[in-house]
Amino acid sequence: MPEAPVVTMRDTAAAAPPATHRDLLEYIERVTAGAAQVQRRVLSEILAQNAPAEYLRRLGVSGAAPGAVEAFRRAAPLVTYEDILPDVLRIANGDTSPILSGKPIREFLTSSGTSGGERKLMPAIADEMDRRSLLYSLLMPVMSQAVPGLDRGRCMYLYFVKAGSRTPGGHPARPVLTSFYRSRHFLERPHDPYTVHTSPDEAVLCVDAYQSMYAQLLCGLVHRADVLRVGAVFASGFLRAIRFLEKHWQRLCRDLRRGALGAEVTDRSVRAAVARVLRADPALADAVEAECARPSWQGIIRRVWPGTKYIDVIVTGAMAQYIPTLEFYGGGLPLTCTMYASSESYFGINLNPMCKPSEVAYTLIPTMCYFEFLPLPQPGPGGTDDADPDHRDLVDLVDVKLGHEYELVVTTYSGLYRYRVGDVLRVAGFKNQAPMFKFLRRKNVVLSIDSDKTDEAELHAAVSGAVQHLAPFGASLVEYTSYADAGTIPGHYVLFWELRLRAGDVPVPVPASVFEDCCLAVEEALNSVYRQGRAADRSIGPLEIRVVSDGTFDRLMDYALARGASINQYKVPRCVHPGPVVELLDGRVQASYVSPKCPKWSPGGGKQWSSDAAAKKPAAAAGSNNGGGAVVA
């Protein structure tokens, strides 16, 4: 994640670290060297601060009493979002009593969609912004060790806000990064030579995605000679910017040449901000035009911004699918991945930011929250992620084992207790006592393009509903699989369908419009995060159905058996990855369809505030197996 400005703030487990690079590096050294003691102190602070919380009283834990840590470790169960949803809804609907936290809930941070199609709401207190800022402040000291001279230029980081809403109780509900960009920590940041951005704040805060992107890219071109690094939060978002440049470079060069912003941008504050830096510069326009007009866009980042030293984007987890495309446009520029965070909490940083994407490992900073880890079954007979876990299986931060895989569990200052984040991590090493983790995947997620996360059950329900459109034509679905196609910008979901006609029926051609209706029906059935990406943010392209010939999935099974799969255990994969399997499927495609329509989506839909969405079980009951909803950001 691109860095935010360095800010001095309260250290949640020790003295406040000074904002110099040397002292911040010493801070990392100190808290990782004493990780065990820091973690115990963090848990003690959380329990004492939240002693009035009803949730802890239900567990029989007196947060401020001696022995609270031991009582919590004995009594607190593992929980998922569904377990705490009744408490979350009470707060969202206006209950001001201390339910989860001893401090007032300031806002809700929206995370990925649940199986019910609505965003998760993660409670956050005011102090949480300080902790986020603390982690941001560690990034440039680490990066500057690897890349000297970053204080002698600008960074072209493309930041965007997304639509938020308010709960019935008046709390803001918005994505975590939108919360940060609208906070005083970002807007009132002191000048720091290491974090001089090309984008004016007004462009970042513009809710119109087109105007925001246009203004930010234009300002990035104005400062072309000073740009030392470029990036966005996710790899997918940065590639959308490149596609935008590819589509609109002639307009951007027009504005550079004449020194005036075109009529496409109507937001007055954005126009005023751009006017402060934009001057007529025909030579700059000619230089940019010469590069963009070339037949190939290979290495376009280096060519348009020749001083760039690296591209800063998240390329772990689902974002790894974009690495080849980034390498094409980057022309050999290093891809750096600096930070690991979610809506539940911020977690850690990459202490070796110039490593290869396949080697990225995040060191968890022990002051962020209280970390525990649920061991995953080791590979072998009967090994599965779906075993019924117990809090007695949990492992402390300093007790994880090299090479082993775990699900992340957190207890936070804002009132999450032994919450299953749903991220699967592998221990890759240690920084003093603190482990370094590789992010492997989200539990149960089969498809992801941007911040969307679609699991197998949700996909299956969507497909099952959509195929009903085929019934009047005597067609039915034999088998299907899917993959996330990152070869287009933006990326999109692809479904491979093998169909069958009822025995004895005279074949009736299925009109293309019916398959288009199937595409739309699938999209309408997916969660609100997906639908926002499709309809509002345009960060996800139209879902595509590719109809394959008879016998295709038999061929797919033959391929798997030839590579050692057991015929007794073979199951059709509901998601496949680019490579030989996709090539096999694509080689048997008979027709392809997309819908000309977008799925419906409206910001702030009211269904998520309904108490009907909450389970009727106690919030402190043992957790289910459904993974939580982190946004790796």
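Given the structure is predicted, the values throughout are model-derived calculations rather than measurements.

A sheet is described by the order of its strands in space; here eight strands give the open sequence 9-10-11-16-15-14-12-13, paired in antiparallel fashion. Each end of this open sheet is capped by a strand with a single partner; those strands are strand 9 (339-341) and strand 13 (395-396). Sheet analysis places strand 12 (residues 370-375) next to strand 13, joined by two bridges and oriented antiparallel. Considered in strand 13, the bridge of F373 is made with V395.

A separate point is the sheet that holds strand 6 (residues 227-234). With respect to topology, four strands assemble into an open sheet ordered 3-6-7-8, the strand pairing being parallel. Where the open sheet ends on each side, the last strands, each with one partner, are strand 3 (154-157) and strand 8 (335-336). Where strand 3 meets strand 6, four bridges bridge the pair, whose relative direction is parallel. Counted as the bridge partner of Y157 is G231 from strand 6.

Charged atoms that come close allow side chains of opposite charge to pair. Enumeration according to the criterion identifies 38 salt bridges in this entry. The partner of R303 in a salt bridge is E291, and the shortest N-O contact between them spans 2.9 Å. Residue R303 is found in helix 15 (residues 300-304), and its partner E291 is found in helix 14 (residues 282-292); the two are separated by twelve residues along the sequence. Of the two residues, R303 and E291, both sit in the buried class. Measuring nitrogen to oxygen at the nearest pair gives 3.8 Å for the salt bridge that ties E524 to K600. Residue E524 is located in helix 18 (residues 512-525), and its partner K600 is located in the segment after strand 22 (589-594); the two are separated by 76 residues in the primary sequence.

Turning our eyes to something else, we now look at the packing of helix 6 (residues 128-137) against helix 7 (residues 139-146). With their axes 4 Å apart at the nearest point, helix 6 and helix 7 run at an angle of 10 degrees to one another. The angle between helix 6 and helix 7 falls in the class roughly parallel. Listed contacts from helix 7 to L135, Y136 and S137 of helix 6 are L139, M140 and P141. The class makeup of the residues in the contact of helix 6 with helix 7 is five nonpolar, one polar and no charged.

What follows is about helix 12 (residues 235-258). Helix length check: helix 12 (24 residues) gives 32 Å between terminal C-alpha atoms against 34 Å at 1.5 Å per residue, within 8%. G259 sits one or two positions beyond helix 12 and adopts a positive phi of about 75 degrees.

This part takes up the packing of aromatic side chains. In the structure shown here, the tally under the stated rule is 23 aromatic pairs. Look at Y214 and F244: their rings are 6.4 Å apart centre to centre, the planes differ by 80 degrees, and that puts the pair in the edge-to-face class. Residue Y214 is found in helix 11 (residues 209-222), and its partner F244 is found in helix 12; the two are separated by 30 residues along the sequence. For Y214, a relative accessible area of 0% translates into the label buried. Taking the centre distance of 6.1 Å and the plane angle of 70 degrees together, the rings of F373 and Y406 count as edge-to-face.

Definitions and limits used
- Residues numbered from 1 in each chain as written.
- Predicted model: local features only at pLDDT ≥ 70, side-chain atom pairs only at ≥ 80, totals over all residues.
- Heavy atoms only, no water.
- Pairing = 2+ DSSP bridges.
- Helix = DSSP H or I, 4+ residues; strand = E, 2+ residues; numbered from the N terminus.
- Salt bridge = Lys/Arg side-chain N within 4 Å of Asp/Glu carboxyl O.
- Buried < 20%, exposed > 50% of the residue type's maximum accessible area, 1.4 Å probe, protein only.
- Axes fitted to C-alpha atoms, helices over the stretch in contact; angles between N-to-C directions.
- Parallel < 35°, antiparallel > 145°, perpendicular 65-115°, else oblique.
- Contact = heavy atoms within 4.5 Å.
- Nonpolar A, V, L, I, M, F, W, Y, C, P; charged D, E, K, R; others polar.
- Expected span 1.5 Å × (residues − 1).
- Phe/Tyr/Trp six-rings, centres within 6.5 Å; stacked < 30°, edge-to-face > 60°.

Interpretation in functional terms is not warranted from these geometric data alone.
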